[in-house]
Each structure stands twice: as C-alpha cells, then as structure tokens.
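Report on the structure
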Amino acid sequence: MTRVNLAVRRPQRRAAGPAARTLFVLTFFGIGACTAGDHAVGPDTAARAETAAFVGGFDPTGVLTFLEVPDLTADRSARKLIRARDGGFVEIQGFRVDIPARALSRDTWITIDLPSQLPEALYVVAEFGPSGTVFRKPVRLTMPLSGVDLSGISLDDVGIWFWNGTAWEDHGGVARRRAVRATTTHFSKYGARGIDTTSGG
C-alpha cells in the first residue's frame, strides 16, 4: 500500500484505500495548495500543513500516528460520572483513564475526547477532561499502540506526553505491544510520542 510521511520524525502510514487516500490528500494538503498559488505540492507545502496541525491544538513533532485513517463517523468522545468515593474508569477506542478511590475531591463527569478532524485524528492524542482537573492521587492513562506506526521505534522510547499549550512535557510511561501507560495528577491534552531510532531522531 501507499505510505505517506506525516510528521518531522517521518512516521509511515498505510492508506486505507483509494477513497481514504483521496480524502486524506484533499484534507491534509488542501489548505497549503490553496495558499501556495501556482506552486506544486512539495516539501514546503507539507511543512505548512504540519504547522497547520499545530494551530489545530498541538505540535505533531514526534507524535505517533495510526496506520489507517480513523473512522471519523464512530464515537470520538466518552463521558462517565465517576464517584469520588469509589473511583472508576472511562475508555474509548483504546484510550483509557483509571481513577482510584478518593483521587477526586468530588463526584465528577470524566471525559475523553479524540480529535474529530484530519489531520489531527491521525495522531495518537486525546483530551482528558474536565481540563485542569487535579487529583489527590495519581491516575493512570492508557493510549493504544495497536494499529499504530512504530516503524524504527523501540518500545523503550515510547511514552505519554502532556501538551502544556506550547510544548510537550514527558510523563514517561511503560509501553507494551498494544498500549502505553503512564500516571498523572492533572488532566489536559496528552499524546503518545516516540523516537525514530532509524533516522537518529
């Protein structure tokens, strides 16, 4: 299948099919092509498209990507009332948060929101909320690695990072074949990131 370069570390993605390829190319390069005048799509245009993803809420540099274009018609958010006394979990499409008993100061509707548009939806990122929630005890975040491009990346170099609004902050974590897990004491946007060991990144 055709493989498309997405981020600075150049993760590889296999297109899901002709229709998905067309949708992806039109969405990912459409803005850059319109603003580039008569210039053909090339590395400069791709760089502008990656910068546009930053405007969409985060810097895509080093963020892992899915091998297939996600189904954007499926549920992209989950919401559950977690009782402070009991704790509990919320999960959607491999993204999950486990909250221990007494970690919350009061009963709270906990949410997980996944990007609903391309190109952001191609990246392994999620908004855990309510944003700004602070916990009395660490909670465990889980992000999927099944169906994710790990070309040239060691699992030892994969972790969960927190987006502080201007840069990624490392939360560490332990990666296995199907998921990476880490703990945090606050909610915001998180992403799974890795180092491409084949390119020295």
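Residues numbered from 1 in each chain as written. Predicted model: local features only at pLDDT ≥ 70, side-chain atom pairs only at ≥ 80, totals over all residues. Heavy atoms only, no water.

1. Notes on the confidence of the model for the chain
To keep it simple, the criterion reads: Confidence of the predictor at the level of single residues is given by pLDDT, which spans 0 to 100. Runs of E in the DSSP output that reach at least two residues are strands. Runs of H or I that reach at least four are helices, and both are numbered from the N terminus. Contacts are assigned to residue pairs that have any heavy atoms within 4.5 Å of one another.
For the chain, per-residue confidence averages 79 on the pLDDT scale, and 69% of positions sit at 70 or higher. When mean pLDDT is compared element by element in the chain, strand S5 (residues 95-99) scores highest at 98, while helix H1 (residues 18-35) scores lowest at 40. Counted against residues more than four places away or in other chains, residues 1-53, with its pLDDT under 50, gives 84 contacts.

2. Thoughts on the sheet that holds strand S6 (residues 108-113)
In a beta sheet, neighbouring strands pair by backbone hydrogen bonds and run either parallel or antiparallel. Going by this rule: Whether two strands pair depends on DSSP finding at least two bridges between them. In this analysis an axis means a line fitted to C-alpha atoms, helices contributing only their contacting stretch, and an angle means the value between N-to-C directions, from 0 to 180 degrees.
Read from one edge of the open sheet, 6 strands run S3-S6-S7-S13-S9-S10, paired in antiparallel fashion. Since the sheet does not close on itself, it has two edges, and those belong to strand S3 (77-82) and strand S10 (168-170), each with one partner. Neighbour-to-neighbour, the strand axes of the sheet open up by a mean angle of 25°, direction not taken into account. Note: strand S7 (residues 125-129) against strand S13 (residues 189-193), 3 bridges, orientation antiparallel. The residue bridging glutamate 127 from the neighbouring strand is lysine 189, located in S13.

3. Looking at the pairing of strand S9 (residues 159-163)
Which entries qualify depends on this criterion: Burial classes follow relative accessibility: with a 1.4 Å probe on protein chains only, a residue under 20% of its type's maximum area counts as buried, one over 50% as exposed, and anything between as partly exposed.
Taken across its 5 residues, S9 has 4 buried, putting it largely inside the fold. In this structure, S9 lies alongside S13, joined through 5 bridges in antiparallel fashion. By the bridge assignment for S13, tryptophan 163 is matched with lysine 189. Counting the residues between successive antiparallel strands, the hairpin from S9 to S10 contains 4 residues, one of them, glycine 165, with a positive phi of roughly 105°.

4. A closer look at the pairing of strand S4 (residues 88-92)
Sheet analysis places S4 next to S5, joined by 5 bridges and oriented antiparallel. Bridge pairing links valine 90 to valine 97 in S5. Hairpin remark: S4 followed by S5, antiparallel, with 2 residues in the connecting loop; positive phi at glutamine 93, about 50°.

5. Regarding unusual backbone geometry
With an omega of 5°, the peptide bond between leucine 118 and proline 119 qualifies as cis. Tracing the backbone through its elements, the reader meets proline 119 in the loop between S6 and S7. Looking along the chain, the bond that leaves glycine 129 and enters proline 130 is cis, with omega of 10°. Within the fold, proline 130 resides in the loop between S7 and strand S8 (134-144). One non-glycine residue with positive phi stands out, namely glutamine 93, at about 50°. Structurally, glutamine 93 is set in the loop between S4 and S5. Glutamine 93 sits in the partly exposed class, given a relative accessible area of 42%.

6. Remarks on the environment of valine 158
Assignment of secondary structure puts valine 158 in the loop between S8 and S9. By relative accessible area, which is 4% here, valine 158 ends up buried. Placed 96 residues apart in sequence, valine 158 and glycine 62 show a C-alpha to C-alpha distance of 9.9 Å.

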